[in-house]
Amino acid sequence: MPTRILRARGPAPVPDLTIRDDEAGMRAALDAAAAAHRRTSPNPRVGAVVVVDGRMVGSGATQPPGGAHAERVALAEAGPAAAGATLYTTLEPCDHEGRTAPCTDAIIGAGVARVVVGIGDPDPEVSGRGIGRLREAGLDVDVGVLEDEVSDTLAPYLHHRRTGRPYVVLKLAATLDGRIAAPDGTSRWITGSEARLDVHRLRASCDAICVGAGTIRADDPRLDVRDADGEVEGGDPPRRVVLGEIPAGARVLPADEYHGGLEGLLDGLGVDGVLKLLVEGGADVAGRFHRAGLVDRYVVYLAPALLGGEDGRPLMVGPGAPTMADLRRGRFVAVEVLGDDLRLDLVLGDR
């Protein structure tokens, strides 16, 4: 998908209830998904809207586990108006009995005439079954509208269903010359307040946070989402995992200690239903995840500051690519201005 270049965040736009075409309908469903509770895992953050004669009459998002799926929330809001309507949903509706009844039953029972799906669901219990059931019932179904944007939004869920592991986001904050700490070890604060607030938003979007024990000893971070609590409602704080022994009285507690290989960590978290893992470790942990090829997205907060020498702490430590031919190249999928700082989102070409 093309790179998004954004200015600093302003007030949220007023929703436009007029749906002029299928892309506008899917964008409304994406907007609905963005309003989902931050703790939907292991369910995906899906959005759905019901449209009648170009007017949105119902909107919904995934509820926490055990709650209604997005399609059912949107249909409930639409009520009798759903008869003959078009339903836009970011992900293929489920057709199996889980914590809730199949969404296909609700869609068919409401009398919806047409369903527009962003992407199919790779979960073996769903894959193609939901779409097939709707078509068998006589509904018109179109698939693939804004597929790239929807896939990006649902990347953690899709990755988890395809690999059994969480989607790994590596977060780094650096000066313009690529240093994460001064020679004396100090690192507070490289970035400004707006970037630090964004880090809390990023944490709030994740199911778990991972750091090394060295970071706990050096900085004693809380790894909470306190700065985002006023704007991100619902859900428990992300689970915290420390690679190594946690010192007594550390502010990160309660947290899990992990002793073992990184791939084993991801396997275990995947079994626990963790869809998205944020790695906030220092240069050693960052280098280990990177060299193992386990990072799905790099988020780098870049400050307009220079340490001006080679003795500061680099982004990663350990052996890197031996020659330019061995560089791992990718693309920036988002660039955002946060106060005086930049947030750069990078996805490597092999991901």
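Predicted, not measured: the structure shown is a model, and the values here were computed from it. (Residues numbered from 1 in each chain as written. Predicted model: local features only at pLDDT ≥ 70, side-chain atom pairs only at ≥ 80, totals over all residues. Heavy atoms only, no water.)

> Run through the side chain of threonine 90, naming residues and quoting values.
Its location among the elements puts threonine 90 in strand 4 (residues 86–91). Of the residues examined, threonine 90 reaches a relative accessible area of 2% and is grouped as buried. Residues contacting threonine 90, with those up to four places away along its chain left out, are Met26, Ala29, Leu30, Val46, Gly47, Gly118, Ile119, Val150 and Leu154. (Helix = DSSP H or I, 4+ residues; strand = E, 2+ residues; numbered from the N terminus. Buried < 20%, exposed > 50% of the residue type's maximum accessible area, 1.4 Å probe, protein only. Contact = heavy atoms within 4.5 Å.)

> Give a description of the environment of serine 205 that names residues and reports values.
Counting through the fold element by element, serine 205 comes out in the loop between helix 7 (193–204) and strand 9 (208–212). In this structure serine 205 comes out as partly exposed when scored by relative accessible area, which is 24%. Between the C-alpha atom of serine 205 and that of leucine 170, which follows or precedes it by 35 residues, the distance is 13 Å. Polar side-chain contacts of serine 205 include one of 2.7 Å to the backbone oxygen of leucine 202. (Polar contact = N/O pair within 3.5 Å; in protein donor to acceptor, adjacent residues only side chain to side chain.)

> Could you give me a rundown of the sheet that holds strand 3 (residues 55–61), with the residues and numbers involved?
Read from one edge of the open sheet, 5 strands run 3-2-4-5-6, paired in mixed fashion. Each edge of the open sheet is held by one strand with a lone partner, namely strand 3 and strand 6 (140–143). The mean inter-strand angle of the sheet, taken between neighbouring strand axes irrespective of direction, is 15°. Sheet topology note: the strand 4/strand 5 (residues 114–119) ladder contains 5 bridges and is parallel. Bridge pairing in strand 5 links threonine 89 to valine 117. Running at roughly 140° to strand 3, helix 2 (residues 70–78) makes contact with strand 2 (47–52), strand 3 and strand 4 of the sheet. (Pairing = 2+ DSSP bridges. Axes fitted to C-alpha atoms, helices over the stretch in contact; angles between N-to-C directions.)

> Tell me about the nonpolar core, and name the residues and values.
As a rule of thumb, nonpolar side chains are buried together in soluble globular proteins. The biggest cluster of nonpolar side chains holds 38 residues, and the ones touching the most others in it are Met26, Val50, Tyr88, Ile107, Val112 and Val115. Counting residues per element, the ones that place at least two in this core are helix 1 (22–34), strand 2, helix 2, strand 4, helix 3 (103–109), strand 5, helix 4 (129–136) and helix 6 (155–163). Formed by 23 residues, the second largest nonpolar core is a distinct cluster that contains Val168, Leu266, Val295 and Tyr298. (Core = buried A, V, L, I, M, F, W, Y, C linked by side-chain atoms within 4.5 Å.)

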